[in-house]
Amino acid sequence: MTEARQSGRLSVFAAAWVIARRDFVAILFSRTFFFFLLGPLFPVIVVGLAGSVGQRVDQTAAQPEVGVVMEGADADAMVRARDALAERLGSGLPGFLVVKRLEPGETYDPADAFAGRRANIAAVLSGTPSDPVLTGPSNQIHAWSGAVAMVAAQARDGELQPWPDVTFQATATSNASQRAGRLKTAQGAQMLLFLLTMMLAGMVLSNLVEEKGNKIIEVLAAAVPMESVFYGKLFAMLAVSLVGISVWGCVGALIYFGAGSAFPDFPTPAVGWPLLFGLGVIYFAMAYLLLGAVFLSIGSMAATVREVQTLSMPVTMMQLMVFFLATFAMTQPHGGDLLGHVPVQLAIRDAGARGPGSGALASCRGVRLAGAVRRLAGARRLGPVPQARDEIGSGAYEKEGRAWPRKDPFRRRHAKGRDGRVTFWVPLSNCIGRDRSEIGSAGPVSKPEEGPIEMKESPDGRYGKPPEDPRLDRRGRSAAGAVRLRQRRCSGKNLSGPLQQGGMATAPDVRAVPDPARSRHGTPLFLASQ
Amino acid sequence: MHGNVSASGRPLAIEARGLIKRFDGFTAVDGVDLSVPEGAVYGILGPNGAGKTTTLRMLLGIIDPDEGYRRVLGAERPHDVAHTIGYLPEERGLYPAMKAVDAIAFVGALRGLPLKEGRRRGRELLEQHGLGYAADRQIRQLSKGMAQQVQILGTLVHKPRLVVFDEPFSGLDAINQGKLERMMRGLAEDGTTVIFSTHVISHAERLCDDVAIIAAGKVPFAGPVDVARDRIPAQVRLETRSGDGPWRAALPADLRRDGKSDGGAFWYFPLPETGIEPLLRALIEGEAGILSLSIERAGLHDAFVAIAGEAAARALEEETPEAIGR
């Protein structure tokens, strides 16, 4: 012991650096990293196989049809009308199969048509073209009600009216297709983040459990604070994953430049590719730090692999739930804001602080760190942000106490300009079937502009006016409050015929009648009639 | 240096008062007091489950005591002086894929030694201990004993002022046990405080200046080995040519006699408080015919039995019957 001592006390972060450096090198030169690099291939293969199998199943599965039980002439008229419309509309219409041609005056219970199971009949159409009755499971008859009404209208009116030729002007893309493409890009990015985060958090956990099994943890715990051990392990795996992402990026770039024009053209995300990648890395890092900290906390509490599996299952389930919430939030650009602020980190922090040992405390600090950086990164979402609200008008505004009632049925927002004029926004879905004066008069607007709402195209197509039904209130709720009919949404393609013939008002309305015989789980089914 | 000093006047490397640790209602350590002087070789002696490892873990800051007070090298938070402490845990652990020299350097790095310097010292230590050829081998390629030696060297690579070994001799063959004993003595000669736990009394007897006997979480004795031995009076073994005579009056009453075929006898009795000289004079004057006389001081094992009780001693013997040197 003649040499002078050269060691000095390590700070928490210096000790974490020692741990992280060792872990980083050890993992990078292990087989684990090789399989980590191959990781993204597995979901691609699985998704490809699943898609292929699903397509094959769809192709081979028989398509459900509408059974027709009408008088002979009506049945023939319905089938003719269906076939005529199908030529123009493509595969959007269900197949019609004549189950029974009734004699004049003959009665027939539509429910009997299901008993024979002669064909793949999902609903039975009876009555007349002017008064069609659709019998079947509620979800099926509601899905087909528009199509059946359109066919019935055509059958009633007889000869198919000539449709105007549509002049095509092709563009590279449209708002709708661009939005759909962006949504797919966002979904892909989200899926990648989810898989990557899960994989890495699992690797951190198994790494810690392995060290507990090897008894190395005691050497570490005696030398450095446990916080350092957790920080080191967490950030080492993060660094490993960033190396992996860089490798994937390089390989992807090589393939992209090597394939040239043969490479499929992915839709550009709303924020652009560079920002998407940048935000993706930041979001991944935050998500991984959050989840990794939780998994490390679990690892610190578990003594055996079995305990680890048991304890980590709720967290995995929770993460799946978060994944689904995120998927939902992606389609709810404004409602999703709330989901982005769920204080998961607070709950985990509390759980960590009450857990045994400093490991949980370290995890809690990791979580807090992750939460802080996540907050710094902001609440912006990856991928496209579809426009769900639209300006419907503006007018003079007089404030009467609160701007809007607390439970505003229209969910209105407003902004006052420098010129004193106020602009209103209302969710498009709340505008359906209403005019501007109706919306304006429900709140403190004294001089609303008159006239019908000029609705702009929504991301998902046009919105049709819901059927008038005296039993339904303005929010689509029935008087009994038990049944809520959704506003029907039709694509422009399906609407073109009826609109040509005078619009939706010419189509027979659908009436819902419960059919207990075909009810599942006590859910009432409905018969449509006039 | 650190405020408190031992009875011998040396400053204390470790001072613990009333340490208590409970696990799920079970009290593993129940009011342990320790005073380890700097530069001493200090043994913590007790059967498995007595609380040795828990005590060491508390001293090192791996776990915190539920009650009590500890001061290690002047610091109340052991991690504050971690760079001056070396620790060999009972359950050895090294990264299997690491090279021996890297493993040593890594343990040094955890204690604040630069990695490059750790590698240099690691090679040096491996050469010194005859393991130079294994420096670049992975730990998984080494035998269990060799891996253990590598870990011991890792404990020392940063030249600590306090070294804590938990059951250091388990898993080592006799030759390597001897090497380790010499190494521990060398460390103490260099001024390093060595504290180790063991359930093998012979190691403690050979190495330690001071011991703490621990049983059922309590420390019934802590102090110099000689003081522990002195708890039991020395035994006198006397062989006489004559089996009886007036000299017998000089012998104490609580003796044991084994007769010999030639009329002589063996006598066993505790050393009188007056010392051996008056007894010797009486035997000579009484013409007892002394053939041999020896004074046998009590061993640490006997002291352990007397202090910790028969049950603890039996537990100790059951763990390593062949290793107890008596």
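Residues numbered from 1 in each chain as written. Chains lettered and ligands numbered in written order. Predicted model: local features only at pLDDT ≥ 70, side-chain atom pairs only at ≥ 80, totals over all residues. Heavy atoms only, no water.

Caption draft 1: Representation of the overall build of chain A within the structure. In terms of regular secondary structure, chain A is built from 17 helices and seven strands. For chain A, restricting intrachain contacts to residue pairs at least 6 apart in sequence, the fraction spanning at least 24 positions comes to 70%. For chain A, the accessible area works out to roughly 30,100 Å², and carbon and sulfur atoms hold 58% of it. (Helix = DSSP H or I, 4+ residues; strand = E, 2+ residues; numbered from the N terminus. Contact = heavy atoms within 4.5 Å. Areas by Shrake-Rupley, 256 points an atom, 1.4 Å probe, with all protein chains shown as cover.)

Caption draft 2: Highlighting the confidence of the model for chain A. Residue and element names in this part refer to chain A. Taken residue by residue, chain A gives an average pLDDT of 66. The fraction at 70 or more is 56%. The least confident element of chain A, judged by mean pLDDT, is helix 17 (residues 492-500) at 32; the most confident is helix 1 (residues 12-28) at 91. Here residues 335-367 is modelled with pLDDT under 50, and outside its nearest four sequence neighbours on either side it reaches 43 contacts, counting other chains as well. Confidence drops under a pLDDT of 50 for residues 369-405, and excluding neighbours within four residues, the segment shows 100 contacts in the predicted structure. (pLDDT = per-residue confidence, 0-100.)

Caption draft 3: Up close: the nonpolar core. Ranked by size, the top nonpolar core spans 89 residues in total, and within it Leu 220 and Tyr 288 of chain A together with Leu 110, Leu 126, Val 150, Phe 165 and Leu 300 of chain B carry the most contacts. The element that contributes the greatest number of residues to this core is helix 9 (residues 226-259) of chain A, accounting for eight residues. In this structure, Leu 34, Leu 56, Ile 195 and Ala 212 of chain B belong to the second largest nonpolar core, which totals 27 residues. (Core = buried A, V, L, I, M, F, W, Y, C linked by side-chain atoms within 4.5 Å. Buried < 20%, exposed > 50% of the residue type's maximum accessible area, 1.4 Å probe, protein only.)

Caption draft 4: Examining the sheet that holds strand 4 (residues 67-72) of chain B more closely. Residues and elements named next belong to chain B. Strand order across the open sheet formed by three strands is 2-1-4, with antiparallel pairing between neighbours. For this open sheet the edge positions go to strand 2 (26-37) and strand 4, each flanked by a neighbour on one side alone. Here the strands of the sheet are splayed against their neighbours by 15 degrees on average, with no regard to which way each runs. Note: strand 1 (residues 12-23) against strand 2, nine bridges, orientation antiparallel. (Pairing = 2+ DSSP bridges. Axes fitted to C-alpha atoms, helices over the stretch in contact; angles between N-to-C directions.)

Caption draft 5: Spatial organisation of unusual backbone geometry. Residue and element names in this part refer to chain B. Even without being glycine, Leu 73 reaches a positive phi, approximately 50 degrees. Along the chain, Leu 73 falls in the loop between strand 4 and strand 5 (85-88). Judged by its relative accessible area of 5%, Leu 73 is buried. The residue Glu 287 is not glycine, and still its phi comes out positive at about 55 degrees. Its place among the elements puts Glu 287 in the loop between helix 8 (277-285) and strand 13 (290-296). The exposed category is assigned to Glu 287, whose relative accessible area is 67%.

Caption draft 6: Quick look at the interface of chain B and chain A. Listed by partner, the interface residues are 37 residues for chain B and 27 residues for chain A. For the pairing of chain B and chain A, the buried interface totals around 2,900 Å² over both sides, and the portion due to carbon and sulfur atoms is 59%. Taken as a group, Tyr 95, Leu 110 and Lys 159 of chain B account for 24% of the area that chain B buries against chain A, more than any other trio of residues on that side. Applying the counting rule to chain B against chain A returns one salt bridge. The interface formed by chain B and chain A includes six residue pairs in polar contact (both at pLDDT 80 or more). The residue inventory of the side of chain B that touches chain A, partitioned by class, reads 17 nonpolar, seven polar and 13 charged. (Buried area = accessible area lost by both parts, 1.4 Å probe. Salt bridge = Lys/Arg side-chain N within 4 Å of Asp/Glu carboxyl O. Polar contact = N/O pair within 3.5 Å; in protein donor to acceptor, adjacent residues only side chain to side chain. Nonpolar A, V, L, I, M, F, W, Y, C, P; charged D, E, K, R; others polar.)

Caption draft 7: Structural detail: the environment of Ile 214 of chain B. Residues and elements named next belong to chain B. Checked against the element boundaries, Ile 214 lands in strand 8 (residues 210-215). Separated by 168 residues in sequence, Ile 214 and Gly 46 place their C-alpha atoms 5.0 Å apart. Dropping the residues within four chain positions of it, Ile 214 is found in contact with Val 32, Ile 44, Leu 45, Gly 46, Pro 47, Ala 50, Gly 51, Lys 52, Thr 55, Val 219 and Pro 220.

Caption draft 8: Focus on the sheet that holds strand 13 of chain B. Residue and element names in this part refer to chain B. Read from one edge to the other, the open sheet built from four strands follows the order 11-12-10-13, with strand pairing classed as antiparallel. Edge strands, defined here as strands with exactly one partner in the open sheet, are strand 11 (256-259) and strand 13. Here the average twist between neighbouring strands, direction ignored, is 15 degrees. As defined by bridge partners, strand 10 (residues 235-240) adjoins strand 12 (residues 265-270) across six bridges and the pair is classed as antiparallel.

Caption draft 9: Structural context of helix 8 (residues 216-223) of chain A. Of all eight residues making up helix 8 of chain A, eight are buried, and the element is well covered by its neighbours. Those residues of helix 8 of chain A that fall on the buried side of the exposure criterion are Ile 216, Ile 217, Glu 218, Val 219, Leu 220, Ala 221, Ala 222 and Ala 223 of chain A.

Caption draft 10: Structural detail: the packing of aromatic side chains. This model, assessed by the stated rule, comprises eleven aromatic pairs over all chains. A centroid spacing of 6.1 Å and a plane angle of 25 degrees characterise the contact between Phe 284 of chain A and Tyr 288 of chain A, whose relative ring orientation is stacked. Taken together, the residues Phe 284 of chain A and Tyr 288 of chain A, both in helix 10 (residues 273-301) and four residues apart, mark about one turn of the helix. Take Phe 284 of chain A and Tyr 288 of chain A: they sit in the same class, and that class is buried. Three or more aromatic residues joined by ring pairs make a cluster, and in this case those are Phe 33, Phe 36 and Trp 248 of chain A. One residue, Arg 22 of chain A, lies across the ring of Tyr 95 of chain B, its end atom 3.4 Å from the ring centre. Above the ring of Tyr 268 of chain B, the side-chain terminus of Arg 256 of chain B is found at 4.3 Å from the ring centroid. (Phe/Tyr/Trp six-rings, centres within 6.5 Å; stacked < 30°, edge-to-face > 60°. Lys NZ or Arg CZ within 6 Å of the ring centre and 35° of its normal.)

Caption draft 11: Highlighting the packing of helix 2 (residues 100-110) of chain B against helix 4 (residues 144-156) of chain B. Residues and elements named next belong to chain B. Helix 4 packs onto helix 2 with a crossing angle of 35 degrees between their chain directions and a minimal axis gap of 8 Å. Here helix 2 and helix 4 pass one another in a crossing that is right-handed. Contacts between helix 2 and helix 4 involve Ala 100, Ala 103, Ile 104 and Val 107 from the former and Val 150, Leu 153, Gly 154 and Thr 155 from the latter. Considered class by class, the residues forming the contact of helix 2 with helix 4 number six nonpolar, two polar and no charged. (Left-handed = near helix turned anticlockwise from the far one by under 90°.)

Caption draft 12: Region of the structure containing the pairing of strand 11 of chain B. Residue and element names in this part refer to chain B. As defined by bridge partners, strand 11 adjoins strand 12 across four bridges and the pair is classed as antiparallel. When the sheet's bridge partners are listed, Arg 257 is paired in strand 12 with Trp 267. What sits between strand 11 and strand 12 in their antiparallel hairpin is a turn of five residues, with Gly 263 showing a positive phi close to 95 degrees.

Caption draft 13: Quick peek at the confidence of the model for chain B. Per-residue confidence for chain B gives a mean pLDDT of 86; residues scoring 70 or more make up 93%. Under a pLDDT of 50 for its full length, residues 321-326 of chain B has, in the predicted model, eight contacts with residues more than four places off or in other chains.

Caption draft 14: Geometry of helix 2 of chain B. Of all eleven residues in helix 2 of chain B, ten are buried; the element is thus mostly enclosed. At its buried positions, helix 2 of chain B is contacted by helix 1 and helix 8 of chain A together with helix 3 (115-128) and helix 4 of chain B. A positive phi of about 95 degrees marks Gly 112 of chain B, the residue just after helix 2 of chain B.

Caption draft 15: Quick look at the side chain of Gln 148 of chain B. Residue and element names in this part refer to chain B. Considering the arrangement of structural elements, one finds Gln 148 in helix 4. A distance of 2.9 Å separates the side chain of Gln 148 from the backbone oxygen of Ser 170, its partner in a polar contact. Not counting residues up to four positions away in its chain, the partners in contact with Gln 148 are Arg 92, Pro 168, Ser 170, Gly 171 and Leu 172.

Caption draft 16: Structural context of the pattern of salt bridges. Residues and elements named next belong to chain B. Across all of its chains, the model carries 29 salt bridges over all chains by this definition. Arg 120 serves as the salt-bridge partner of Glu 117, at 2.7 Å between the closest nitrogen and oxygen. With Glu 117 and Arg 120 both in helix 3 and three residues apart, the pair spans about one turn of that helix. By relative accessible area, which is 13% here, Glu 117 ends up buried. When the shortest N-O distance is used, the salt bridge between Arg 229 and Glu 205 registers 3.1 Å.

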